[in-house]
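# Residue-level structural notes
So the chains spell out like this:
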Amino acid sequence: VQLQASGGGLVQAGDSLRLSCAASGGTLSNYGMAWFRQALGKEREFVAAISWGGRFTDFADSVKGRFTISRNNAKDTMLLQMNNLKSEDTAVYYCAARTSSTISTMRRLTEYRYWGQGTQVTVSS
């Protein structure tokens, strides 16, 4: 499956953005999905994940209450709604897909085999 992330941009602190991840070459419903991000000079970190059918979600503590994740398997898309953005949210955001359905490992970067190209989110304070 190929993934294409989009929706990034330059916003001010407190603003909102919605990132999209579109899948092609495969059926999204067969994959657990997640968003990771990587700030300049830092390691890639977990942001949010959603299970195959969307029943289970998980969020990093730093974004809990501000970000929501959703998916539309019929349209092979996944969304990340980001509200009340902070300067520390500045990073390249990557969508990823995995074939495993194990809930306990949703946050694990190494679980994800398929990656999108990333979309830049910059939040000015």
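Residues numbered from 1 in each chain as written. Predicted model: local features only at pLDDT ≥ 70, side-chain atom pairs only at ≥ 80, totals over all residues. Heavy atoms only, no water.

This part covers the pattern of salt bridges. Pairs can form between side chains of opposite charge once their charged atoms are near each other. Under the definition given, this model contains six salt bridges. Here Arg107 makes a salt bridge to Asp58, at a shortest N to O gap of 2.6 Å. Residue Arg107 is located in the loop between strand 9 (91-98) and strand 10 (114-115), and its partner Asp58 is located in strand 6 (residues 57-59); the two are separated by 49 residues in the primary sequence. Of the residues examined, Arg107 reaches a relative accessible area of 36% and is grouped as partly exposed. Residue Arg66 is joined to Asp89 by a salt bridge in which the shortest nitrogen-to-oxygen separation is 2.7 Å. Of this pair, Arg66 sits in the loop between strand 6 and strand 7 (67-72) while Asp89 is found in the loop between strand 8 (77-82) and strand 9, placing the two residues 23 residues apart along the sequence. Judged by its relative accessible area of 9%, Arg66 falls in the buried class. (Salt bridge = Lys/Arg side-chain N within 4 Å of Asp/Glu carboxyl O. Helix = DSSP H or I, 4+ residues; strand = E, 2+ residues; numbered from the N terminus. Buried < 20%, exposed > 50% of the residue type's maximum accessible area, 1.4 Å probe, protein only.)

What follows concerns unusual backbone geometry. Notably, Asp76 is not glycine yet its phi reads approximately 55°, a positive angle. Inspection of the secondary structure assignment puts Asp76 in the loop between strand 7 and strand 8. Of note, the phi angle at Asn84 is positive, near 50°, even though the residue is not glycine. Mapped onto the elements, Asn84 comes out in the loop between strand 8 and strand 9. Judged by relative accessible area, which is 42%, Asn84 ranks as partly exposed.

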